[in-house]
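Residue-level structural notes
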Amino acid sequence: PVAVLRASGVVMSDAALAAMVTHDRGERLREVYISATPLSVTHLRPLIDAALPSIEALALPSTVLSAATLSVLVEASWWDRLRSLNVSQNALDDLAIEALMGGPALRRLRHLDLRDSKLTPEGLRRLLEHLERGFAPALQRLEVDARLLTSDHAYDLRGIALGWRRDLLPWEMLAPQPLDP
């Protein structure tokens, strides 16, 4: 059976999270979704230390993640098994994205959600360059804020994204002017 851990808007103790991700529950756990609650490295430690052999999706929207939190999260033994990573609605800046890219390559990752972050156009450019170098070769969907794609760098980013041949969402914002046929 597919096991999903969903917690939204609840304050969870380290012990409660540890109980949810250890033993037989952790072995069946395919998706972890925790939102609308601040998570520190201390709060995340049971999740980071858990084996989680079946994990495929991690969603931590609105959890006050930071570069420091991500730099520890990427050390999880299961990190490279993720197919979907949602860290939207956090104040993630360019340093946080560098921490994310500083971890092991995400060879299976198909979906990355970075919406509602503090990522700059330069940070997005560096992210796309990491992706071009094979950081997440299976990635099919990257979600970022439209404001990044309507900046002065939009056409430079468009060239990188088209060379990368993946969906950069919102796609309609990628080229505000019609392209030549």
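For the structure itself, look to the data block above.
Residues numbered from 1 in each chain as written. Predicted model: local features only at pLDDT ≥ 70, side-chain atom pairs only at ≥ 80, totals over all residues. Heavy atoms only, no water.

Further remarks concern unusual backbone geometry. The phi angle at S62 is positive, at roughly 55°, despite the residue not being glycine. Relative to the helices and strands, S62 is located in the loop between β3 (57–59) and α4 (67–73). Positive phi outside glycine occurs at Q89, with the angle close to 60°. Note on placement: Q89 falls in the loop between β4 (84–86) and α5 (94–101). Taking the relative accessible area as the measure of exposure, Q89 reaches 43% and is therefore partly exposed. (Helix = DSSP H or I, 4+ residues; strand = E, 2+ residues; numbered from the N terminus. Buried < 20%, exposed > 50% of the residue type's maximum accessible area, 1.4 Å probe, protein only.)

Only one face of strand β1 (residues 3–8) is covered, namely the one carrying A3, L5 and A7; the face carrying V4, R6 and S8 has none of its residues buried. Alignment of β1 against strand β2 (residues 29–35), held across six bridges, turns out to be parallel. Residue A7 lies in a different strand from β2, and its bridge partner there is I34. (Pairing = 2+ DSSP bridges.)

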